[in-house]
Structures are given as structure tokens and as C-alpha cells.
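# Fold and contact review
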Amino acid sequence: MAGFGSVFMPEMTLARFDGERWSESSFVPSDSLSFHAGAHGLHYSSSVFEGLKAFKHNDGSIKLFRMDRNLARLTNSSELLSLPPIDVALVEQMIISAVRKFADQTPEPPGSMYVRPTHIGTDAQIGAAASPSETSVLYILLSPVGNYFSGGDRPLRLLVEEQGMRCAPHMGMIKSGGNYASALGPILQAKKTWQADQILFCPGGDVQETGAANFLLIDGNEIVTKNLDPSFLHGVTRDSLLTLAAEMGMTVSERALSVDELVDRVANPDCEAALSGTAAVLTPVGTLIRNGEEIQVGSGEVGPTTLKLRQALNDIQWGIGEDNHGWLTPI
Ligand code: PLP
Ligand code: COI
């Protein structure tokens, strides 16, 4: 099967900001994009993106999951990188028209249509390292997807990194390519040396997140995960799962979690850990690698609470459970 995000719909919606106002959006081919080779976004990384999913329900309808949250984060990321201001109503309409156009190519669950809004500074001025781009391009790319991590529910191996950071601390809550590029070297090294699937970034011993997903410790009736601060990405999936967990009567502890506490707690055979994200959904973690030592998380297998939480989330996304929170938008 093709890797996650490697198949694209042939067209996307696109709009440009000319320094004063947004153009109307139009459909353009998705296999090429034109802007100057000196574009600000290419040289100084004034470029942000989002990731959300559209799901096909049994009745054939298509629903977007928590689009408002992704639009809010796109607005915030754009503002923090001094990009032109997002027109939320325009982007919402661009997402809906793109998803609608390719509705018949939305995979059945557990697949979905992954939606990738992208906003790039386009000023052609390579002297502008210390000033923002006044123009930009925004487009909505679509990719039908299945699982992000290959191997289904094979529990992941995470290298615990206690020194290095994923990205600069003030950048963590911005969904920008530079943050992923910044983490790439260490991740490749971790894969090569430890056959790790990902790095769990824990700068100074503070358990933060991985390269492309949030981290949840699930210990009995309690979920522990880092409280929101600017150093890491405020996941929509994280928020959704914490909401559902609280409704199931679980104790949700959003607070600092140290590596020492994590390692102590995963020794409990009933303890679970998992990664949450739009792409990752809720993927179990089976092994931590710390200082060259492999530490099994609980039983080392996917645990019942991870499965229960993921099912509750999927039930809403797939239209099997009630959408009590108004998380779904029809297209
Ligand atoms: N953290 C990082 C670095 C990510 O790339 C993602 C994926 O989007 C997440 C966390 C999870 O965020 P969300 O649940 O909004 O997809
Ligand atoms: C997402 O979960 O939407 C992400 O952005 C992760 C991505 C690296 C596939």
C-alpha cells in the first residue's frame, strides 16, 4: 500500500494574498505550484500548515472533524510567523469545496481524506530575513490515507531524548515545516542506532511530545500528559481524547511529567502509553529506550484503555457514536 500522504487528488483550492486582500479561491492542478524561487517561505521558512481529516459515514455523507480547531491553529501559526492574516471564512469554504469535489474518493473507515491546508510567504526578496512576507499563497491539498505508522497496532519504540529539543521552545505550538526539519537529524539517528520509530523529546527531563504526535501516559484510570505551553504542539486529537476520557470518568492530569516518573510508572504491568495525532490517531507505545536500556511499557502490547479511547474517538469520527460535542462539519 502507498505510504501515508503519497497519493494526492489532482486538484486543490488555492488563494493568494497580494499584500492587501485575499483573491477568490479557485481549483488548480496539485502537481505544480508557481511562485518566485526567491520566495520568503522557501528561504526564511515563513510557511505553516495544518492536518485534519474528512470521514465517510455509512449513509454516504462526508464529515470534517474539528475543522474549527485546525483553522484556529492555522490562524495562530500564521500570526506567530508574521504571515498575512488568515481569512477563516475563506479557508473554511476552500476546505469544504475541495473535499466536496473529491467526495467520491474519500476512503471508507478506517481510511479517510487527509486535508492539508498550507500557507506560504511568497515575497521575492532574499534580503528580507528580518522582515515578514507581505504576500502569500494558501492552498488545500487532499490525500486519501490509511494508517500513518505501518504495522497496524505494533507498539512503537521511542527513544527518550533528555537533552535535545524537537525545536526552539517558542516555536513548538506553531505547525511549521522548520520544526520537522529541526527534528529530522536526531530522528534518523535514533532509527539507525536504536531501531526507534520516533523520539520522545524530554528536554531537561520534561516529557513533551514526539516528532509528529503528542504523548499520553495511560495508567489505570489516569491519563497524564504535559500541560499546554508554547513549547509543543497543542494537538486537536489530544484535546478530543482528554475530553472523552474525562466523560468516561477517567482522571485527566495535564501537568509536567518527568522521565523519572514515567519510567517508574510504566513498570506497572497495567500501564499503557500512546501517541495521539490526526495521522497517528492513538498508536500504542510498547518500549522506551533510555540511556541505552530498553524499558517495556506495561505488558509491551496494545492495552485495553488505549483501544477503548481510540474506539470512542473513531466512533464519533465514523458516525457510529453520537457527536455530542458538535465536532463534525458536513460538507
Ligand atoms: N505534535 C506534532 C509535532 C504533530 O505534528 C502533530 C500532528 O499534527 C501532533 C502533535 C498532533 O496534533 P493533532 O492531534 O492536532 O493532529
Ligand atoms: C498530522 O497528524 O496531521 C501531522 O501533521 C503529522 C504529519 C507529520 C503526518
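Everything numeric in this text was worked out from a predicted model, so none of it was measured.

## Quick notes on the site of ligand 1
For ligand 1, the set of nearby residues contains 17 residues, the closest of which are Tyr180, Glu209, Val236, Thr237 and Thr278. Tyr180 is positioned with one of its side-chain polar atoms (N or O) 2.5 Å from an oxygen atom of ligand 1. Here an oxygen atom of ligand 1 sits 2.6 Å away from a polar atom, N or O, in the side chain of Thr278. Bound to the protein, ligand 1 loses 97% of the 380 Å² it would expose on its own.

## Focus on the environment of Ile140
Within the secondary structure, Ile140 sits in strand β7 (residues 136-145). By relative accessible area, Ile140 is classed as buried at 0%. It is 17 Å that separates the C-alpha atoms of Ile140 and Asp104, two residues lying 36 residues apart in sequence. Setting aside chain neighbours within four positions, we find Ile140 in contact with Met12, Thr13, Val91, Met94, Ile95, Ala98, Val115, Arg116 and Pro117.

## Describing the nonpolar core
Ranked by size, the top nonpolar core spans 32 residues in total, and within it Leu64, Val91, Ile95, Val99, Val115, Ile140 and Leu142 carry the most contacts. The dominant element in this core, judged by the number of residues it contributes, is helix α3 (residues 88-101), at 7 residues. Both domains that furnish three or more residues to this core are identified here as domain 1 (11-145) and domain 2 (156-317). Counting residues in hydrophobic clusters, the runner-up holds 24 residues, among them Val207, Val263, Leu275 and Ile295.

The rules behind each value
- Residues numbered from 1 in each chain as written.
- Chains lettered and ligands numbered in written order.
- Predicted model: local features only at pLDDT ≥ 70, side-chain atom pairs only at ≥ 80, totals over all residues.
- Heavy atoms only, no water.
- Near = heavy atom within 4 Å.
- Polar contact = N/O pair within 3.5 Å; in protein donor to acceptor, adjacent residues only side chain to side chain.
- Areas by Shrake-Rupley, 256 points an atom, 1.4 Å probe, with all protein chains shown as cover.
- Helix = DSSP H or I, 4+ residues; strand = E, 2+ residues; numbered from the N terminus.
- Buried < 20%, exposed > 50% of the residue type's maximum accessible area, 1.4 Å probe, protein only.
- Contact = heavy atoms within 4.5 Å.
- Core = buried A, V, L, I, M, F, W, Y, C linked by side-chain atoms within 4.5 Å.
- Domains from an automatic or database assignment.

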